[in-house]
Amino acid sequence: AIDESDAMDIRLKASIHLIRMYHIAERERARADREHENARTDPLTGAKNRRWSDENGIYHPSPYLVVRLDVDEFKEYNDNYGHAQADCALKTLVNTLNENIRKETDKVVRKGGDEFLVILYNVHKEAAYTAAEKLRKAVEDAVIPNCGSFKNSGYEKIKISMGVASSEAMPD
């Protein structure tokens, strides 16, 4: 027979065990969430990646814009200034784009290499060209730090080409 003291001890040990199991499960859930997010984030730039865009799409009930851009002559930039400098240029590009969007709603997506999408939610077609021009000008004005280039100049700037699409019919 179990006396009251032993029963209390068993209940206490069971409670401690349940609390430990709960904390282990919470840590595992947090780890899985981090892994899920990391698998959908470009490790170099921190932008969302192709997997994120393939899974989430860009569908939204309100008007949105998609700005597709790529870095002009990026292969030549990479060849001239090296991989470290080219990586730095891509990081600077994404940071510049992120500084010029609404972080709580809009997304920068690296589709691959030097190709990116900027998804601007709740933006009507009338604002398409203004929004795209704001991004283009910000990139034009950005200064890329020297992250390994042995050349004294030229690495500071990149140029981009872009196109804009809207979920609404675009004006001619």
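Keep in mind that what you see is a predicted model, and the values were worked out from it rather than measured. (Residues numbered from 1 in each chain as written. Predicted model: local features only at pLDDT ≥ 70, side-chain atom pairs only at ≥ 80, totals over all residues. Heavy atoms only, no water.)

1. Description of the layout of surface pockets
Thought 1: As a volume, the largest pocket reaches approximately 170 Å³.
Thought 2: Lining the largest pocket we find Asp72, Glu73, Glu76, Tyr77, Asn80, Tyr81, Gly154, Lys157, Ile158 and Lys159.
Thought 3: In terms of residue class, the lining of the largest pocket is made up of three nonpolar, two polar and five charged. (1 Å grid on protein atoms, 1.4 Å probe; cavity = no way out; pocket = protein on both sides within 12 Å on 5 of 7 lines; lining within 4 Å. Points joined across faces, edges and corners; volume = space filled by probe spheres on them. Nonpolar A, V, L, I, M, F, W, Y, C, P; charged D, E, K, R; others polar.)

2. So, empty space enclosed by the protein
Thought 1: Applying the stated criterion across every chain, the model contains one cavity of 30 Å³ or more.
Thought 2: Estimated volume of the largest cavity: approximately 30 Å³.
Thought 3: Lining the largest cavity we find Thr92, Leu93, Thr96, Val139, Ala142, Ile144, Glu156, Lys157 and Ile158.
Thought 4: With three residues, helix H4 (residues 83–99) is the largest single contributor of residues to the lining of the largest cavity.
Thought 5: Along the lines of polarity and charge, the residues of the lining of the largest cavity split into five nonpolar, two polar and two charged. (Helix = DSSP H or I, 4+ residues; strand = E, 2+ residues; numbered from the N terminus.)

3. With respect to the packing of H4 against helix H5 (residues 128–141)
Thought 1: Relative orientation of the contacting elements H4 and H5 amounts to 135°, with a least axis distance of 9 Å. By the angle between their directions, the pair H4 and H5 is classed as oblique. Seen from above, H4 lies across H5 with right-handed handedness. Residues Leu93, Thr96 and Leu97 of H4 form the contact with H5, whose participating residues are Leu135, Ala138 and Val139.
Thought 2: Classifying every residue of the contact of H4 with H5 gives five nonpolar, one polar and no charged. (Axes fitted to C-alpha atoms, helices over the stretch in contact; angles between N-to-C directions. Parallel < 35°, antiparallel > 145°, perpendicular 65-115°, else oblique. Left-handed = near helix turned anticlockwise from the far one by under 90°. Contact = heavy atoms within 4.5 Å.)

4. Some points on the state of the cysteines
Thought 1: Summed over the entire model, instances satisfying the criterion amount to one disulfide.
Thought 2: Between the sulfur of cysteine 88 and that of cysteine 147 lies a disulfide, 2.1 Å long from S to S. With a gap of 59 residues between them, cysteine 88 in helix H4 and cysteine 147 in the loop between H5 and strand S5 (160–166) connect regions that are remote in the sequence. (Disulfide = S-S within 2.5 Å.)

5. A look at the pairing of strand S4 (residues 115–121)
Thought 1: Extensive coverage of S4 is indicated by the burial of six of its seven residues.
Thought 2: Note: strand S2 (residues 64–71) against S4, seven bridges, orientation antiparallel. Across the sheet, the residue bridging to valine 67 is valine 118, located in S4.
Thought 3: Relative to S4, strand S3 (residues 107–112) runs antiparallel, the two being bridged by five bridges. Its bridge partner lying in S4, valine 108 is registered against valine 118.
Thought 4: Between S3 and S4, which pair antiparallel in sequence order, lie two residues; one of them, glycine 113, sits at a positive phi of approximately 55°. (Buried < 20%, exposed > 50% of the residue type's maximum accessible area, 1.4 Å probe, protein only. Pairing = 2+ DSSP bridges.)

6. Digging into the nonpolar core
Thought 1: Tyr77, Leu93 and Val118 are the most contacted members of the largest nonpolar core, which totals 29 residues.
Thought 2: When residues of this core are traced back to their parent elements, those giving at least two are S2, helix H3 (74–81), H4, S4 and H5.
Thought 3: A per-element tally of this core places H4 first, with seven residues.
Thought 4: What leucine 93 contacts, discounting residues up to four positions off in sequence, is Leu69, Val71, Phe116, Val139, Ile158 and Ile160.
Thought 5: In this structure, Trp52, Tyr64, Val66 and Tyr121 belong to the second largest nonpolar core, which totals seven residues. (Core = buried A, V, L, I, M, F, W, Y, C linked by side-chain atoms within 4.5 Å.)

Function cannot be read off these values alone, since they describe shape.
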